[in-house]
Amino acid sequence: MLRTVTAGIEQRALHTPFRISRGARTAIDLAVVSIVQDGVTGRGEGSVTARYGESVESVTEQLRAAEAAIAEGAGREDLRSLMAPGSARNAVDSALWDLEMKLGSVPPPIAVVPVHTALTLGINTPEAMAAAARKIRGAAIVKVKVDGNEPEACLRAIRPEVPGSRLVVDANEAWTMAQVEALQPMLAELEVEFLEQPLPAAEDAALEGFRGLVPTCADESCHVTADLDRLASRYQMVNIKLDKTGGLTEALDLLAGARARGLGVMVGCMISTSLAIAAAFRVAVQADCADLDGPLWLAEDRPGGIRMGEQGLMYPPEAGFWGR
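Rules of the game
Residues numbered from 1 in each chain as written. Predicted model: local features only at pLDDT ≥ 70, side-chain atom pairs only at ≥ 80, totals over all residues. Heavy atoms only, no water. UniProt positions renumbered as here; feature names shortened; annotations may be inferred. Domains from an automatic or database assignment. Contact = heavy atoms within 4.5 Å. Buried area = accessible area lost by both parts, 1.4 Å probe. Salt bridge = Lys/Arg side-chain N within 4 Å of Asp/Glu carboxyl O. Polar contact = N/O pair within 3.5 Å; in protein donor to acceptor, adjacent residues only side chain to side chain. 1 Å grid on protein atoms, 1.4 Å probe; cavity = no way out; pocket = protein on both sides within 12 Å on 5 of 7 lines; lining within 4 Å. Points joined across faces, edges and corners; volume = space filled by probe spheres on them. Helix = DSSP H or I, 4+ residues; strand = E, 2+ residues; numbered from the N terminus. Nonpolar A, V, L, I, M, F, W, Y, C, P; charged D, E, K, R; others polar. Pairing = 2+ DSSP bridges. Core = buried A, V, L, I, M, F, W, Y, C linked by side-chain atoms within 4.5 Å. Buried < 20%, exposed > 50% of the residue type's maximum accessible area, 1.4 Å probe, protein only. Axes fitted to C-alpha atoms, helices over the stretch in contact; angles between N-to-C directions. Parallel < 35°, antiparallel > 145°, perpendicular 65-115°, else oblique. Arc of directions from axis to C-beta. Right-handed = clockwise from strand over helix to strand, strands pointing away.

An unreviewed UniProt entry lists the protein chain under the name Dipeptide epimerase, with Sphingomonas koreensis as the source organism. As its UniProt record puts it under Sequence similarities (unreviewed entry), the protein chain is described as follows: "Belongs to the mandelate racemase/muconate lactonizing enzyme family."

Written as structure tokens, this is what we have:
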């Protein structure tokens with residue numbers, strides 16, 4: 001088996017600053033991998049994430065360390081011992097999936113159909129967030145980023161602007177347990193479907209046995225299948241992101257493990273191009289909620305990528321783009 005592997009870092013600009021509780025971003029760094037075998041090219045992408053200790057330098061080092069093994073025929077299961085979960089492994093795993101499906105050595109894991117994705121509102125003043133919500137009125141799912149300052153004011157300003165939408169609130173680790181408890185009646189009143197990662201991951205033991213008026217979803221606390229035993233008594237849902245699991249291979253295991261424990265499943269993404277979203281679609285079609293609007297924040301996506309319809313309906317990339 002002869003393979004040619006190309007791996008590196010690519011930077012892409014955002015058209016609008018993306019603000020969450022940890023700060024704002026105007027550009028992203030992507031790990032991009034191409035693997036050529038028998039004249040067929042598999043491509044994959046991961047988003048370098050500082051929250052999980054990643055940097056361009058550390059991800060580049062991981063890619064370089066894996067290149068020789070991949071060129072010599074290492075497969076997706078081999079990655080579990082070769083690379084830690086993260087954006088570098090995600091990019092390689094995704095490229096291998098793409099390659100294998102195009103070569104016909106594995107079938108697509110599940111039929112790919114359009115899914116409704118959440119449209120995200122970044123943190124701003126209540127007035128500005130209400131104005132932004134007005135522009136996406138009619139969206140099937142709206143995800144609202146909040147921090148510890150004025151979350152109730154922001155949510156009360158937004159809800160009337162998206163009356164028919166499923167509403168998801170994401171605190172990105174910015175709340176205290178006192179806030180989680182005190183804000184439950186408001187969350188229920190505004191018909192919030194679930195609350196995502198309210199506490200810092202290192203402090204979520206405070207959620208042990210807690211059952212709020214709305215479900216709580218683990219994001220930063222949930223990376224791989226082995227986390228589920230710890231999380232099942234703290235959360236009612238998990239957010240599966242391929243950059244946390246280290247790719248689709250582990251993500252499908254995490255999905256099965258979550259279902260076996262009776263947990264709800266959200267599939268999310270970092271800001272990325274459609275190359276990363278194409279792989280996440282394989283989980284999204286089996287999830288309870290999808291949040292895959294990462295490419296919509298970019299100044300420019302990859303040609304042939306996802307397409308958006310009404311109400312946040314996202315269509316998968318064109319045939320030949322990834323896995324088909």
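What to know about the domain arrangement of the protein chain
According to the domain assignment, the protein chain consists of domain 1 (4-103) and domain 2 (115-315). Using only C-alpha atoms to locate each centre, domain 1 and domain 2 end up separated by 23 Å. Taken together, the contact between domain 1 and domain 2 spans 35 residues of the former and 41 residues of the latter. With both chains or domains summed, domain 1 and domain 2 bury close to 3,000 Å², and 53% of this area falls on carbon and sulfur atoms. Summed over the three residues of domain 1 that lose the most area to domain 2, namely Phe18, Glu45 and Tyr52, the buried surface amounts to 19% of that side. For the interface between domain 1 and domain 2, the tally reads seven salt bridges. Salt-bridge contacts for arginine 80 lead to glutamate 250; the nearest nitrogen and oxygen are separated by 2.5 Å. Here domain 1 is connected to domain 2 by 23 residue pairs in polar contact (both at pLDDT 80 or more).

Focus on empty space enclosed by the protein
Here the structure, examined in full by the defined rule, presents four cavities of 30 Å³ or more. The volume enclosed by the largest cavity comes to roughly 100 Å³. For the largest cavity, the lining is made up of 14 residues, of which Asn90, Leu242, Asp243, Cys269 and Ala276 are closest to its centre. Secondary-structure elements contributing two or more residues to the lining of the largest cavity are helix H3 (87-103), helix H9 (242-245) and helix H11 (274-284). It is H11 that contributes the most residues to the lining of the largest cavity, four residues altogether. Grouping the constituent residues of the lining of the largest cavity by class yields seven nonpolar, four polar and three charged.

Looking at the pairing of strand E1 (residues 3-20)
When E1 meets strand E2 (residues 23-37), the two strands line up antiparallel, connected through 14 bridges. The residue of E2 that forms the bridge with threonine 4 is valine 36. Once E1 ends, the chain turns through two residues before running back antiparallel as E2.

Some thoughts on the nonpolar core
Val144, Leu187, Leu292 and Trp322 are the most contacted members of the largest nonpolar core, which has 65 residues in total. Take this core: its biggest share by element is eight residues, from H11. Among all residues touching leucine 292, those that are not within four sequence positions of it are Thr117, Val267, Gly268, Cys269, Ile277, Ala280, Ala284 and Met314. Residues Ala7, Val59, Ile70 and Val92 belong to the second largest nonpolar core, which totals 19 residues.

So, the packing of H3 against helix H10 (residues 248-260)
With their axes 8 Å apart at the nearest point, H3 and H10 run at an angle of 95 degrees to one another. The orientation of H3 relative to H10 falls into the category roughly perpendicular. In contact with Arg89, Asp93 and Trp97 of H3, H10 contributes Leu248, Thr249, Glu250 and Leu252. Grouping the amino acids of the contact of H3 with H10 by side-chain chemistry returns three nonpolar, one polar and three charged.

Structural notes on helix H4 (residues 126-135)
Three or more residues of H4 are buried, namely Pro126, Met129, Ala130 and Ala133. Seen along its axis, H4 keeps its buried residues to an arc of 100 degrees; they face one direction. Facing away from the buried side of H4 by more than 90 degrees, the exposed set consists of Glu127 and Lys135. Among the structural elements, strand E5 (118-121), strand E6 (141-145) and helix H5 (151-158) are those in contact with the buried residues of H4.

Digging into the pairing of E6
Burial analysis of E6 places five of its five residues in the buried class, which makes it a mostly covered element. Here E6 shows two buried faces, one formed by Ile141, Lys143 and Lys145 and the other by Val142 and Val144. Bridge analysis of E5 against E6 gives four bridges, and the strand direction is parallel. What sits directly across from leucine 119, in E6, is valine 142. Crossover E5 to E6 through H4 is right-handed.

Some words on the sheet that holds E2
Within the open sheet, the three strands sit side by side as E1-E2-E3. Their pairing is antiparallel. Each edge of the open sheet carries a strand with a single partner, namely E1 and strand E3 (40-47). Between one strand axis and the next, the sheet turns through 20 degrees on average, direction left out of account. Sheet topology note: the E2/E3 ladder contains eight bridges and is antiparallel. Residue pairing for E3: alanine 31 is matched across the bridge by glycine 46. Against the sheet, H3 contacts E1, E2 and E3, and its axis sits at roughly 155 degrees relative to E3.

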